[in-house]
Amino acid sequence: MVDYWEKNDETMPREKLLALQLERLKKTLIGVYEHVKFYRERIDESGVDPYGFKNLDDLANLPFTTKDDLRLNYPFGMFARPMEEIVRIHSSSGTTGNPTVVGYTKNDIALWGNLIARNLYSVGVRENDLIQNSYGYGLFTGGLGLHYGAEILGATVIPVSGGNTQRQLKIMADYQSTVLCCTPSYALYIAEVGSEMGIDFSSLPLRVGVMGAEPWTEEMRAEIERRLSIDAVDIYGLSEIIGPGVSCECLAKKGLHVAEDHFIIEIIDPATGKTLPPGQRGEMVFTSITKEGIPIIRYRTRDLSALDPSVCACGRTHARMAKPMGRTDDMLIIRGVNVFPSQIEEVLMKVKEVEPHYLIVVDRKNYLDSMELWVEVSEDIFSEKMNELEAFESSIASKLYSAIGIHVNVKLKEPKTIKRSMGKAKRVLDRRKGESG
Ligand code: DLL
């Protein structure tokens with residue numbers, strides 16, 4: 001029998017859920033209109049009357065909020081509450097320009113922890129579990145986000161944070177961790193170092209991995225599950241909305257349940273901004289409807305997914321988003337052809353002689369884009385089949401050609417030469433943008 005952290009909220013009939021969303025959205029709109037100059041101006045420009053808002057469909061008439069809007073209001077310009085009510089600040093890494101800064105009130109922190117507890121519970125985590133939390137602690141929302149959720153659930157949390165992989169493995173074996181929280185790329189690295197240390201993961205009590213913060217394919221999931229001998233589930237979120245916990249898979253692993261009692265999700269066509277019907281792939285847009293510190297209206301995530309509002313096998317009624325397949329800004333345009341790193345990962349993970357460590361190197365020579373794929377081969381292949389490597393490279397290239405329609409120059413690399421990630425993996429090196437590495 002499936003059981004729930006908050007049965008009423010998680011299995012609420014959709015009609016009731018939509019009514020609750022409308023009621024909460026109305027309050028949020030008035031709140032941002034009265035307390036955030038940015039929203040007051042934008043809403044006035046849009047012609048929507050925040051006091052006369054009557055229908056969820058009218059959400060589409062409200063303006064979007066973008067990362068640039070947050071940056072322009074750096075650091076605290078989007079906060080809807082005075083600083084004395086803000087108890088925590090997080091921020092995105094901000095590789096270009098100002099980072100985005102978000103603030104949480106006491107209620108926001110409680111809400112966030114509760115959402116994570118709900119997520120953990122939905123993948124079978126209980127009070128007697130020992131959660132090894134290997135997301136980075138600090139301004140990144142992964143570490144503290146999962147941490148407080150685990151405590152609210154009542155499980156035991158080990159706040160190990162990212163890095164120092166051998167210590168991670170010693171802790172995992174000595175303390176007998178049952179749950180691992182980290183990015184999927186770090187999970188693979190942990191698996192690799194563990195095997196080198198002679199750890200047999202199937203003999204450990206580790207059971208579930210709660211993994212997110214970066215895109216990962218089904219093929220990558222299969223690899224992690226096999227190597228670590230666990231169920232690996234996908235958790236999604238972004239600092240601008242709350243952090244991890246915006247959505248999470250249940251053990252059915254058929255899409256991530258969006259916490260629709262706190263966030264309204266829309267899928268839009270990124271080119272036109274028009275709302276798309278369920279099932280169609282597009283950019284996710286979120287509106288928070290219970291947050292206090294920094295409520296957000298129609299935030300354009302640039303993350304691509306599709307929505308399934310049907311009731312899940314687990315009985316939860318909250319719509320499920322498909323595993324995010326990447327970001328609009330991760331899309332590479334190679335000689336006019338659009339390619340997502342996830343499409344390459346999908347092909348690569350099916351080739352059993354290669355390791356799940358790769359880097360896509362894009363360059364432009366003589367005005368022509370070129371794409372190289374660096375991928376590691378296993379020790380045995382590397383030493384045994386040195387003379388066949390070239391043939392092997394072209395066989396991978398031809399598989400990629402049939403999947404994405406462009407020629408990729410495949411370069412097999414010696415084991416352990418591609419940089420490992422302990423947080424979000426960097427899959428693309430775009431020399432056209434002056435990146436080096
Ligand atoms: O990455 C929050 C998080 C922490 C999620 C831990 C899950 C686990 P940011 O640093 O603000 O927040 O980065 C947000 O990361 O817009 C996506 O592009 C990407 N992302 C997050 N989760 C997933 C996922 C955290 N499950 C950005 N699949 C988002 C694909 C993801 N991409």
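As a reminder, the structure under discussion sits directly above these lines.
None of these values were measured; they are calculated from a predicted model. (Residues numbered from 1 in each chain as written. Predicted model: local features only at pLDDT ≥ 70, side-chain atom pairs only at ≥ 80, totals over all residues. Heavy atoms only, no water.)

Asks: Looking at this structure, how should I read the overall build of the protein chain?
Replies: Each helix and strand counted, the protein chain has 12 helices and 20 strands in total. Taken over C-alpha atoms, the radius of gyration comes to 22 Å for the protein chain, in line with the 22 Å a tight globule of 437 residues would show. For the protein chain, with 437 residues in total, the buried portion stands at 56%. When contacts within the protein chain are restricted to residue pairs at least 6 apart in sequence, long-range pairs at least 24 apart make up 65% of them. Taking the average location of the 53 positive side-chain charges in the protein chain and that of its 61 negative ones, the two points are 1 Å from each other. (Helix = DSSP H or I, 4+ residues; strand = E, 2+ residues; numbered from the N terminus. Rg over C-alpha atoms; globule rule 2.2 N^0.38 Å. Buried < 20%, exposed > 50% of the residue type's maximum accessible area, 1.4 Å probe, protein only. Contact = heavy atoms within 4.5 Å. Lys, Arg positive; Asp, Glu negative; His and termini not counted. Charge placed at Lys NZ, Arg CZ, Asp CG, Glu CD.)

Asks: I'm lost on the nonpolar core in this one. Help?
Replies: Nonpolar side chains in soluble globular proteins tend to be buried together. Tyr39, Leu120, Val210 and Phe286 are the most contacted members of the largest nonpolar core, which totals 69 residues. Ranked by residues supplied to this core, first place goes to helix α5 (residues 106-122) with eight residues. Core analysis: the next-biggest nonpolar cluster, separate from the first, contains 51 residues, Met172, Cys182, Leu228 and Ile230 among them. (Core = buried A, V, L, I, M, F, W, Y, C linked by side-chain atoms within 4.5 Å.)

Asks: Even after reading the chapter, I still don't get the packing of helix α8 (residues 184-196) against helix α9 (residues 218-228), so can you show me in this structure?
Replies: The geometry of a pair of packed helices is captured by two quantities: the angle between their axes and the separation between those axes. Remark: α8 packs on α9, axes separated minimally by 10 Å, with the N-to-C direction vectors making an angle of 35°. At the point where α8 passes α9, the crossing takes the left-handed sense. Contact residues: α8 offers Pro184, Ala187, Leu188 and Ala191, while α9 offers Met220, Glu223, Ile224, Arg227 and Leu228. Grouping the amino acids of the contact of α8 with α9 by side-chain chemistry returns seven nonpolar, no polar and two charged. (Axes fitted to C-alpha atoms, helices over the stretch in contact; angles between N-to-C directions. Left-handed = near helix turned anticlockwise from the far one by under 90°. Nonpolar A, V, L, I, M, F, W, Y, C, P; charged D, E, K, R; others polar.)

Asks: Explain the packing of aromatic side chains here, please?
Replies: Aromatic rings considered in pairs are described by the distance between their centres and by the relative angle of their planes. In total, this model carries eight aromatic pairs according to the counting rule given. With a centroid separation of 5.7 Å and 50° between ring planes, the pair formed by Trp5 and Tyr121 is classed as tilted. Taken together, the residues span a long stretch of sequence, with Trp5 in the segment before α1 (7-10) and Tyr121 in helix α5 at a distance of 116 residues. Classification of Trp5 as partly exposed rests on a relative accessible area of 27%. Owing to a relative accessible area of 14%, Tyr121 belongs among the buried residues under this scheme. (Phe/Tyr/Trp six-rings, centres within 6.5 Å; stacked < 30°, edge-to-face > 60°.)

Asks: Mind showing me how you'd approach helix α10 (residues 341-348) here?
Replies: Residue pairs three or four apart in sequence face the same way in an α-helix, which turns once every 3.6 residues. Most of α10 sits inside the fold, with six of its eight residues counted as buried. Pro341, Ser342, Ile344, Glu345, Val347 and Leu348 are the residues of α10 that are buried. Contacts from the buried residues of α10 go to α9, β16 (337-339), β17 (354-365), β18 (368-377), α12 (389-404) and β20 (428-430).

Asks: I keep staring at the sheet that holds strand β11 (residues 282-288) and nothing clicks. Help me out?
Replies: Within a sheet, each strand pairs with its neighbour through backbone hydrogen bonds, oriented either parallel or antiparallel. Strand order in the open sheet formed by three strands is β10-β11-β12, with antiparallel pairing between adjacent strands. One side of each edge strand has no neighbouring strand; the edge strands of this open sheet are β10 (263-268) and β12 (299-305). Across the sheet, the mean angle separating the axes of adjacent strands is 30° when strand polarity is ignored. Bridge count between β11 and β12: four bridges; the pairing is antiparallel. Bridging from a neighbouring strand, Val285 pairs with Arg300 of β12. (Pairing = 2+ DSSP bridges.)

Asks: What's the story with the site of the ligand in this structure? I'm lost.
Replies: Near the ligand, the surroundings consist of 19 residues, among which Asp234, Ile235, Ser239, Asp303 and Lys424 are the closest. Ser239 places a polar side-chain atom, nitrogen or oxygen, 2.4 Å from an oxygen atom of the ligand. A total of 600 Å² of accessible area belongs to the ligand in isolation, and the protein chains cover 92% of it. Secondary-structure elements contributing two or more residues to the shell around the ligand are α6 (141-153) and β7 (231-238). The element contributing the most residues to the shell around the ligand is β7, with five residues. Class assignment of the residues belonging to the shell around the ligand gives a composition of nine nonpolar, five polar and five charged. (Near = heavy atom within 4 Å. Polar contact = N/O pair within 3.5 Å; in protein donor to acceptor, adjacent residues only side chain to side chain. Areas by Shrake-Rupley, 256 points an atom, 1.4 Å probe, with all protein chains shown as cover.)

Asks: Would you take a moment to explain the side chain of Asn119 for this structure?
Replies: In this structure, Asn119 sits in helix α5. Given a relative accessible area of 9%, Asn119 falls into the buried group. In this structure Asn119 touches Ile235, Gly245 and Cys248, once residues within four positions along its chain are discounted.

Asks: Explain the environment of Thr105 here, please?
Replies: Along the polypeptide, Thr105 turns up in strand β2 (residues 101-105). Residue Thr105 is classed as buried on the basis of its relative accessible area of 2%. Through-space distance from the C-alpha of Thr105 to that of Leu359 is 40 Å; in sequence the pair is 254 residues apart. Setting aside anything within four residues of it in sequence, one finds Thr105 in contact with Arg81, Glu85, Ile86, Val87, Glu292 and Gly293. Of note is the side chain of Thr105, whose polar atom sits 2.7 Å from the side chain of Glu292.

Asks: Teacher, can you tell me more about the environment of Val258 here?
Replies: Looking at where Val258 falls in the secondary structure, it is placed in strand β9 (residues 256-258). The class for Val258 is buried, based on a relative accessible area of 0%. With 51 residues separating them along the chain, Val258 and Pro309 place their C-alpha atoms 9.9 Å apart. When near neighbours in sequence (up to four residues on either side) are disregarded, Val258 contacts Val246, Ser247, Phe263, Ile265, Phe286, His318, Ala319 and Met321.

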